[in-house]
Amino acid sequence: MRRLFNALPAMLVLLILVAAWLLPPFLPWDYRIIDWDHVSSPAFTPGHLLGTDNVGRDLLSRTLIGTRITTMVAIAAATVSLLIGTLWGALAGWCGGRIDNVMMRIVDALYALPFMFVVILLMVVFGRSILLVFIGIGAVEWLTMARVVRGQMLALRQRPFILASEAAGASPRFIIFRHALPNMAAVILAYLLLTVPQVVMVESFLSFLGLGVQEPMTSLGILVKEGADDMDVFPMALMVPGGVLVTLVICLTLLGERLRDRWTA
Amino acid sequence: MFGLILRRLMASIPTLLAVVFLSFFLMRFAPGSPFDGERPLDPETRLALDAAYGLDQPIIVQFGRYITGLAHGDFGPSLVYRDFTVTDLIWTGLPVSLLIGALALLLAMAGGIAIGLAATLRPNGPLDCRLMLGMTLLTALPTFVTGPILALVFALWLGWLPVAGWGNGAPVYVVLPVLALTLPTMGAVAKLTRAGLAQIMTQDHIRAAQGRGISGWRLISRHALRPALLPVISYAGPAAAGLLTGAVVIETIFALPGLGRYFVQGALNRDYPLVMGVVTLYAALIVLFNLIADVLYGWLDPRVRG
């Protein structure tokens, strides 16, 4: 029983992802198609398991597609933050001294920025395209990764196998990519997993305000917004996407924290 | 102490300048213009509008003017709300946002510390486990989900409170927004308090106190609480930042006439001066909160006063 409970977050995440990526083609109604005969219909209407929204689009398939877009944005943005953060942190940790100092001061200064507003600013400036949503988020979310990788790098820098490799004349690039980064892969992976739910939140936040993903595409944030607009007549439209979003964020956070505690202890 | 404040103030100047610089240049390089409408304007009108708002000057001159204006407390004219300056809009929105934010911060701190304490009284007991699981859930609930759900339950179904609106700050209108804003921060504060206390309780001075026969509430309140609150205090800065961000959503959901609403409207309408002004103000507020947190930290922990 206890083992089942421990495995619950991973199973839920898997379930949501598999449903979002595999199920939509098998549903009778596409997420963009309007069913004129069933507008704002309740759950269990024939053909619409969870009912339809106020213009007659199937809620189940909209939620699944929204989940797909949200997870896609999250994974892409987390990858961007992984790339920037790892390189920045590895370089700072490897060089040490003054370069390290300057690089980490920059990270500190950026931490003090009201980062959500910077992302919104980026959205306003470069238009609201889905590509920019995740580049913008990833460019802001890399700070923690940079700090973590730098800390690991500083510790590894003094380890005999790195020193030996250096003494044998290996180039810094070779040492960083072949020796140092693979050695901290577990820690990086754990923090990557923790970045994903944060990005999910940011993306939904932006989409909720109308600054993220644009119609006819949809995302969990947009669905929550639409649901909130007509929750008085149709609470399901708020509960379903909201529930998926919250489940996803909670389960991913729990998973990430568990991995972090196990791999960094 | 005074030196600490002064040093921190000096250190915040580059951050603020960076924010102003970044927002100014990003906004100016943006494609599109606030004067773009359904039909293109004829060139003469366009030129006249640009000249009226100083947009025909070189960009460096515009930046210089903007900085000079800022130093005098002038955020420039709003390009969309034609009859208002950004300063006017900020002055109408700021009190609303500050009231909501300050109430939420106070509630989150008080509630979070109380829950953290309650959980520590019996470490790893059933109450502790349940409270901490609850707090983890709270921190993961985004305000844009809790806000509508609270409105649905307490306003639409139960009819106890108004769904939205400001009502000139009447208490009934303030309850739901503040509650929605408080919950995630309260969860984080409770977790930090719990973690801080758990760590302090293993230290020597606690064992010494226990050896002298002090236990229970007195042990926690007199010996453990003050050092355990240090991480909570340093979280106050980020918490304030989080509350400001959350307030943007909350003000949109509950239709409050606060800063966040103007910010979102400005962002959707490409009202450059308004967005820049609000971002600058938010940055200043966050810097201020970090400063207050640092000073409090120095007051609680003599080791960092230097």
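Calculation criteria
Residues numbered from 1 in each chain as written. Chains lettered and ligands numbered in written order. Predicted model: local features only at pLDDT ≥ 70, side-chain atom pairs only at ≥ 80, totals over all residues. Heavy atoms only, no water. Helix = DSSP H or I, 4+ residues; strand = E, 2+ residues; numbered from the N terminus. Contact = heavy atoms within 4.5 Å. Areas by Shrake-Rupley, 256 points an atom, 1.4 Å probe, with all protein chains shown as cover. Buried area = accessible area lost by both parts, 1.4 Å probe. Salt bridge = Lys/Arg side-chain N within 4 Å of Asp/Glu carboxyl O. Polar contact = N/O pair within 3.5 Å; in protein donor to acceptor, adjacent residues only side chain to side chain. Nonpolar A, V, L, I, M, F, W, Y, C, P; charged D, E, K, R; others polar. Buried < 20%, exposed > 50% of the residue type's maximum accessible area, 1.4 Å probe, protein only. Expected span 1.5 Å × (residues − 1). pLDDT = per-residue confidence, 0-100. Axes fitted to C-alpha atoms, helices over the stretch in contact; angles between N-to-C directions. Parallel < 35°, antiparallel > 145°, perpendicular 65-115°, else oblique. Left-handed = near helix turned anticlockwise from the far one by under 90°. Patch = residues over 30% accessible without salt bridge, like charges linked within 9 Å, V, L, I, M, F, W, Y side chains within 5 Å. Phe/Tyr/Trp six-rings, centres within 6.5 Å; stacked < 30°, edge-to-face > 60°. Lys NZ or Arg CZ within 6 Å of the ring centre and 35° of its normal.

## Details of the overall build of chain A
Thought 1: Looking only at helices and strands, chain A features eleven helices and zero strands.
Thought 2: Helices and strands appear in chain A in the N-to-C order α-α-α-α-α-α-α-α-α-α-α.
Thought 3: Pairs at least 24 apart in sequence give 71% of the contacts found in chain A among residues at least 6 apart.
Thought 4: Carbon and sulfur atoms form 69% of the exposed surface of chain A, whose accessible area is close to 12300 Å².

## A few points about the interface of chain A and chain B
Thought 1: Taken together, the contact between chain A and chain B spans 35 residues of the former and 39 residues of the latter.
Thought 2: Buried surface at the junction of chain A and chain B, both sides included, amounts to about 3300 Å², of which 87% is carbon and sulfur.
Thought 3: When the area that chain A buries against chain B is broken down by residue, the three leading residues are A:Phe117, A:Leu121 and A:Val125, summing to 20%.
Thought 4: Scanning the region where chain A abuts chain B turns up zero salt bridges.
Thought 5: Applying the counting criterion to the chain A and chain B interface returns zero residue pairs in polar contact (both at pLDDT 80 or more).
Thought 6: Elements with a minimum of two residues in the side of chain A that touches chain B: helix H4 (115-126), helix H9 (185-208), helix H10 (220-229) and helix H11 (236-264) of chain A.
Thought 7: Of the residues that constitute the side of chain A that touches chain B, the class distribution is 29 nonpolar, three polar and three charged.

## Overview of the environment of B:Gly54
Thought 1: With respect to the helices, strands and loops of the structure, B:Gly54 is situated in the loop between helix H2 (43-52) and helix H3 (59-71).
Thought 2: On the basis of relative accessible area, B:Gly54 is assigned to the buried category, the value being 7%.

## Looking at H4(A)
Residues and elements named next belong to chain A.
Thought 1: The first and last C-alpha atoms of H4 sit 16 Å apart over twelve residues, in line with the 16 Å expected at 1.5 Å per residue.
Thought 2: The element H4 is extensively covered by neighbouring structure, given that ten of its twelve residues are classed as buried.
Thought 3: Residues of H4 that are buried include every one of Met116, Phe117, Val118, Val119, Ile120, Leu121, Leu122, Met123, Val124 and Val125, and no others.

## As for the confidence of the model for chain B
Residue and element names in this part refer to chain B.
Thought 1: When pLDDT is averaged along chain B, the result is 80; 94% of the residues meet or exceed 70.
Thought 2: Helix H1 (residues 2-28) is the least confidently modelled element of chain B, averaging 76 in pLDDT, while helix H4 (residues 86-121) averages 86, the highest of any element.
Thought 3: For this predicted complex, the interface score ipTM comes out at 0.74, alongside a pTM of 0.79.

## Looking at the packing of helix H6 (residues 143-157) of chain B against helix H7 (residues 171-200) of chain B
Residue and element names in this part refer to chain B.
Thought 1: It is the contact of H6 with H7, at a shortest axis distance of 9 Å, that shows an interaxial angle of 140°. By the angle between their directions, the pair H6 and H7 is classed as oblique. For the pair H6 and H7, the sense of crossing is right-handed. In this structure, H6 contributes Thr143, Thr146, Gly147, Leu150, Ala151, Phe154 and Ala155 to the contact, and H7 contributes Leu176, Leu179, Ala180, Leu181 and Pro184.
Thought 2: Across the contact of H6 with H7, the residue classes break down as nine nonpolar, three polar and no charged.

## Here we look at a nonpolar patch on the surface
Thought 1: A surface patch of nonpolar side chains, about 610 Å² in accessible area, is lined by A:Met239, B:Leu156, B:Trp157, B:Leu158, B:Trp160 and B:Val163.
Thought 2: Here B:Leu158 shows up in the loop between H6 and H7.
Thought 3: The class for B:Leu158 is partly exposed, based on a relative accessible area of 41%.

## Focus: the pattern of salt bridges
Residues and elements named next belong to chain A.
Thought 1: Counting across every chain of the model gives six salt bridges over all chains.
Thought 2: One salt bridge in this structure joins arginine 62 and glutamate 226, with 3.4 Å as the shortest N-O distance. Linking arginine 62 in helix H2 (residues 59-95) with glutamate 226 in helix H10, this pair joins segments that are 164 residues apart in sequence.
Thought 3: Two residues, aspartate 229 and lysine 225, come together in a salt bridge whose shortest N-O distance is 3.6 Å. Within this pair, aspartate 229 and its partner lysine 225 are both found in helix H10, separated by four residues, close to a single helical turn.
Thought 4: Under the relative-accessibility criterion, lysine 225 is labelled partly exposed at 27%.

## A look at unusual backbone geometry
Thought 1: Here the phi dihedral of B:Ala255 falls at roughly 50°; this positive angle occurs in a residue that is not glycine.
Thought 2: Turning to its location among the elements, B:Ala255 is positioned in the loop between helix H10 (230-253) and helix H11 (259-269).

## Describing the environment of A:Glu257
Thought 1: Tracing the chain through its elements places A:Glu257 in helix H11.
Thought 2: A relative accessible area of 23% places A:Glu257 in the partly exposed class.
Thought 3: It is 30 Å that separates the C-alpha atoms of A:Glu257 and A:Leu122, two residues lying 135 residues apart in sequence.
Thought 4: Apart from residues no more than four positions distant in its own chain, A:Glu257 is found in contact with A:Leu194 and B:Lys191.

## Focus: the packing of aromatic side chains
Thought 1: A complete count under the given rule lists four aromatic pairs over all chains for this structure.
Thought 2: Relative to B:Tyr282, the ring of B:Phe263 has its centre 6.2 Å away and its plane inclined at 80°; by these criteria the two rings are edge-to-face. Here B:Phe263, found in helix H11, pairs with B:Tyr282, found in helix H12 (residues 272-300); they are 19 residues apart in sequence, far enough to count as distant.
Thought 3: Seen from the ring of A:Trp94, A:Arg157 lies directly overhead, with NZ or CZ sitting 3.9 Å from the centre.

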